[in-house]
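Chain by chain, the residues:
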Amino acid sequence: MKKFILFSLLMLSFSSCMAQKESSKPNFIIIFTDDQGYQDLGCFGSPNIKTPNIDQMASEGMKFTNFYAQTVCGPSRAALMTGSYPMRNARNDNGDNPHPKLALSEVTIAEVLKPVGYKTGMIGKWDLAGHNPEKFNPDLLPMHQGFDESFLTPGSNDARVHLIRNNKLVEKNADMSTLTKRYTNEAISFIDKNKKQPFFLYLAHTMPHTKLAVSDEFKGTSEGGLYGDVIEEIDYNVGRILDHLKQIGLDENTYVIYTSDNGPWWIKKDHGGHAEPLRGAKTSAWEGGFRVPAIIRAPGKVPAGKTSENIVATIDLLPTIAKIAGATVPKDRVIDGVDVSEIIHGTST
């Protein structure tokens, strides 16, 4: 009997140690905005858009002034998720459409992290199963690409937004002015649900892609017009997430990454954002098309108040997150991104 009790105590101790080891793995949150220009944050030089929460995030973390994405929505998301250039990604379509339907043979950040104990969630704009909100492939939604749960719209909000929870359509023609707040509510709910284990959350805001829409609380409040209202509402909701991480004790164990999928949509004029001092905008090959604002914050891990001029890109996030999490990067394909964890942690310049 004594041997049994001793064995049981040893097993409990072992289980406790394993749980502590797993829980010590850091969390990752990627906040990905849509068509936000290089200049459209206070800390990146906006003269009339106020972003105090994101500015504070930059002062508490690292700002990247040479951070690159792709020049249009779908390819940018494919590159982010796979760590490879979009032209290399396998597609589940004929390739004529600039927005790829990402083949299930591709390996996403979520699929890299799940084998090492991560819960994974996707909220917002997916755009990798088809750009049209009615003409998308349901077999290519996030639940089939490594995500445990999702609350999303298949593509852009050019005309309308339909909302899907996991694989089920739950709302047609959603009120776009509610999306930023609702996505953030969903993000906080996901964090609370998974706070006792490591998690990866991909929060891809619909805004500020047009049609622009903003809640009554922020309408007409920015010196930057309607576009500024939209950015300032995003900023407020980024602040909600950061505050919540502090409240539940996850602040120092969570990497929060903020960036945009591409530059501003110049043909929308006042509704299209700003890339100054860069030339060009979304869909162009000039820097304004694919050089985007980027901030990474993780107190105690990422040095505070630093600015990096290193060339870093969305394709670098998969190998970097894998390195930090102790996960394995796929060996059976070309991963174009590189591990930049030493840059992020300030141990390499």
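Reading guide: rules and limits
Residues numbered from 1 in each chain as written. Predicted model: local features only at pLDDT ≥ 70, side-chain atom pairs only at ≥ 80, totals over all residues. Heavy atoms only, no water. Helix = DSSP H or I, 4+ residues; strand = E, 2+ residues; numbered from the N terminus. Rg over C-alpha atoms; globule rule 2.2 N^0.38 Å. Contact = heavy atoms within 4.5 Å. Areas by Shrake-Rupley, 256 points an atom, 1.4 Å probe, with all protein chains shown as cover. Lys, Arg positive; Asp, Glu negative; His and termini not counted. Charge placed at Lys NZ, Arg CZ, Asp CG, Glu CD. Salt bridge = Lys/Arg side-chain N within 4 Å of Asp/Glu carboxyl O. Buried < 20%, exposed > 50% of the residue type's maximum accessible area, 1.4 Å probe, protein only. Axes fitted to C-alpha atoms, helices over the stretch in contact; angles between N-to-C directions. Parallel < 35°, antiparallel > 145°, perpendicular 65-115°, else oblique. Left-handed = near helix turned anticlockwise from the far one by under 90°. Phe/Tyr/Trp six-rings, centres within 6.5 Å; stacked < 30°, edge-to-face > 60°. Lys NZ or Arg CZ within 6 Å of the ring centre and 35° of its normal. Expected span 1.5 Å × (residues − 1). 1 Å grid on protein atoms, 1.4 Å probe; cavity = no way out; pocket = protein on both sides within 12 Å on 5 of 7 lines; lining within 4 Å. Points joined across faces, edges and corners; volume = space filled by probe spheres on them. Nonpolar A, V, L, I, M, F, W, Y, C, P; charged D, E, K, R; others polar.

Quick notes on the overall build of the protein
The helix and strand tally for the protein stands at 9 helices and 11 strands. Relative to the compact-globule value of 20 Å for 349 residues, the protein shows a C-alpha radius of gyration of 20 Å, a close match. When the backbone C-alpha atoms are referred to their principal axes, the protein occupies close to 80 × 45 × 40 Å. Within the protein, contacts between residues separated by at least 24 positions form 73% of all contacts whose residues are at least 6 apart in sequence. Total accessible area computed for the protein in this model is approximately 14800 Å², and 54% of it derives from carbon and sulfur atoms. Looking at charge distribution, the protein has the averaged site of its 38 positive side-chain charges lying 6 Å from that of its 40 negative ones.

A few points about the pattern of salt bridges
Considering all chains together, one arrives at 18 salt bridges under this definition. When the shortest N-O distance is used, the salt bridge between Glu106 and Arg333 registers 3.8 Å. One end of the pair, Glu106, is in the loop between helix H3 (73–82) and helix H4 (109–113); the other, Arg333, is in the loop between helix H8 (317–325) and helix H9 (341–344), and 227 residues separate them in sequence. Taking the relative accessible area as the measure of exposure, Glu106 reaches 8% and is therefore buried. In this structure, Glu186 and Arg165 form a salt bridge, with 2.7 Å as the shortest nitrogen-oxygen distance. Note that Glu186 is positioned in helix H5 (residues 179–193) and Arg165 in strand E5 (residues 163–165), a separation of 21 residues in sequence. A single network of salt bridges, built from pairs that share partners, joins Asp34, Arg77, Lys125 and Asp261.

Here we look at the packing of H5 against helix H6 (residues 225–247)
Between H5 and H6, whose axes approach to 10 Å, the crossing angle comes to 15 degrees. Judged by the angle between their axes, H5 and H6 are roughly parallel. Considering only the axes of H5 and H6, their crossing is right-handed. Residues Thr180, Lys181, Thr184, Asn185, Ala187, Ile188, Ile191 and Asp192 of H5 lie in contact with H6, whose contacting residues are Glu233, Ile234, Asn237, Arg240, Ile241, His244 and Leu245.

Comments concerning the packing of aromatic side chains
Within the structure shown, the criterion is met by 10 aromatic pairs. Consider the rings of Phe28 and Tyr255, whose centres lie 5.3 Å apart with planes at 20 degrees: the pair is stacked. You can see Phe28 sitting in strand E1 (residues 27–33) and its partner Tyr255 sitting in strand E8 (residues 254–260), a full 227 residues away along the chain. Each member of the pair, Phe28 together with Tyr255, is buried. Positioned over the ring face of Phe44 is Lys63, at 5.1 Å from the centre of the ring. The ring of Trp265 carries Lys268 above its face, with NZ or CZ at 4.8 Å from the centroid.

Some details on H5
The end-to-end C-alpha distance of H5 is 21 Å, a good match for the 21 Å that 15 residues give at a rise of 1.5 Å each. Residues of H5 that are buried include every one of Leu179, Thr180, Tyr183, Thr184, Glu186, Ala187, Ile188, Phe190 and Ile191, and no others. Contacts made by the buried residues of H5 are with E1, strand E3 (119–125), strand E4 (149–153), E5, strand E7 (199–204) and H6.

Observations concerning empty space enclosed by the protein
Across all of its chains, the model carries 1 cavity of 30 Å³ or more by this definition. Size it by volume and the largest cavity reaches roughly 40 Å³. Lining the largest cavity we find Phe28, Tyr255, Ile257, Leu317, Thr320, Ile321, Ile324 and Ile344. Of all elements in the fold, only E8 and H8 reach the threshold of two or more residues within the lining of the largest cavity. The element that contributes the greatest number of residues to the lining of the largest cavity is H8, accounting for 4 residues. Considering only residue class, the lining of the largest cavity consists of 7 nonpolar, 1 polar and no charged.

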